[in-house]
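Here is what each chain is made of, one letter per residue.
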Amino acid sequence: MENRFNETRYQNQTLNLTILPTFSCNFRCPYCFENLTSKSGKSSFSQKIQNEILTFIEESIKKLNIKRIVVNWTGGEPLLEFKKITILMERINLIADENKINVAHFMVSNGYLLTVERAKILSELGVKRIQITIDGSKASHDQRRILANQEGTFDKIMRNIEDSCDFIHITLRTNVDLNNIQSMDEYMEYMGGQIF
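This structure is a prediction, so every number in the text was calculated from the model and none was measured.

What to know about the nonpolar core
- Among the nonpolar cores identified, the biggest contains 45 residues, and Ile57, Ile69, Trp73, Ile92 and Leu122 are the most heavily contacted of them.
- Per-element tally for this core: the top contributor is helix H3 (residues 82-98), with seven residues.
- The contacts of isoleucine 69, once residues within four sequence positions are left out, are Leu15, Leu17, Ile57, Ile61, Ala96, Ile101, Asn102, Val103 and Ala104.

Quick look at the structure:
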């Protein structure tokens, strides 16, 4: 395992980037590892930071034998900065194209802001997959994955997934613990009946 880790860590053909355009989030999940004070939106995904990311990519291409760029968009909720991230994706794609390098984008999102229009745009920009978390049955999920105003999010997320999955691959993740494990049978039965 250590050898595999080192091979991955010190390889120079794939540039793996994890970009957090914001620490802000429209959810207030009680188990979130992020401190709520960092969700105030005070941190800005400034043009300076975006330019530094692009400079880093260009310098890495010059110094290394880069054949592929993989960008993981996360946060916070990255779709809160949809306009900024799509502009930056376009610029990253242009750099990759100019250097004849393959690029793939992936995203972790809560799914609440994923409209079909956004799914189409993200797909066109090369987003291969979006991971969305559903925490059990509607009742269980709506107790855990709540908006800042304490409202549940299950129905809207499920609609967004259904509307968007023809345009972009969506991977579902579920956090299971002692607080929601009792709803897993109901959740699995419900999900088994969905046609995505």
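Once you've had a look at it, read on.
Notes on the packing of helix H2 (residues 47-63) against H3
- Put simply, H2 and H3 touch, their axes get as near as 11 Å, and they point 20 degrees apart. The orientation of H2 relative to H3 falls into the category roughly parallel. Between H2 and H3 lies a crossing of right-handed hand. Mapping the contact onto sequence places Gln47, Gln50, Asn51, Ile53, Leu54, Ile57, Glu58 and Ile61 in H2 and Lys84, Leu88, Arg91, Ile92 and Ile95 in H3.

Brief notes about the packing of H3 against helix H4 (residues 116-124)
- For the pair H3 and H4, interaxial distance at closest approach is 10 Å and the crossing angle is 20 degrees. Taken as axis vectors, H3 and H4 run roughly parallel relative to one another. Remark: the crossing between H3 and H4 carries left-handed chirality. Residues Phe82, Thr86 and Met89 of H3 lie in contact with H4, whose contacting residues are Arg118, Ile121 and Leu122.
- Of the residues that constitute the contact of H3 with H4, the class distribution is four nonpolar, one polar and one charged.

So, the pairing of strand S3 (residues 102-109)
- Among the eight residues that make up S3, six are buried, leaving the element largely enclosed by the rest of the structure.
- Two strands pair when backbone bridges link them, and strand S2 (residues 68-73) and S3 are joined in this way by six bridges, in the parallel orientation. Within the sheet, the bridge partner assigned to isoleucine 69 lies in S3 and is valine 103.
- The parallel pair S3 and strand S4 (residues 127-133) is bridged by H4, and the resulting crossover is right-handed.

Re the sheet that holds strand S1 (residues 14-19)
- An order of S1-S2-S3-S4-S5 is seen for the five strands of this open sheet, with the pairing classed as parallel. The open sheet is flanked by S1 and strand S5 (169-173), the only strands paired with a single partner. Here the average twist between neighbouring strands, direction ignored, is 15 degrees.
- Summarising the sheet, S1 and S2 pair through six bridges and their orientation is parallel. Bridge assignment links leucine 15 to a residue of S2, and that residue is isoleucine 69.
- Strands in contact with H2 are S1 and S2; relative to S1, the strand with the most contacts, it is inclined by about 170 degrees.

Rules behind the numbers
- Residues numbered from 1 in each chain as written.
- Predicted model: local features only at pLDDT ≥ 70, side-chain atom pairs only at ≥ 80, totals over all residues.
- Heavy atoms only, no water.
- Core = buried A, V, L, I, M, F, W, Y, C linked by side-chain atoms within 4.5 Å.
- Buried < 20%, exposed > 50% of the residue type's maximum accessible area, 1.4 Å probe, protein only.
- Helix = DSSP H or I, 4+ residues; strand = E, 2+ residues; numbered from the N terminus.
- Contact = heavy atoms within 4.5 Å.
- Axes fitted to C-alpha atoms, helices over the stretch in contact; angles between N-to-C directions.
- Parallel < 35°, antiparallel > 145°, perpendicular 65-115°, else oblique.
- Left-handed = near helix turned anticlockwise from the far one by under 90°.
- Nonpolar A, V, L, I, M, F, W, Y, C, P; charged D, E, K, R; others polar.
- Pairing = 2+ DSSP bridges.
- Right-handed = clockwise from strand over helix to strand, strands pointing away.

Coordinates in, geometry out; function isn't part of it.
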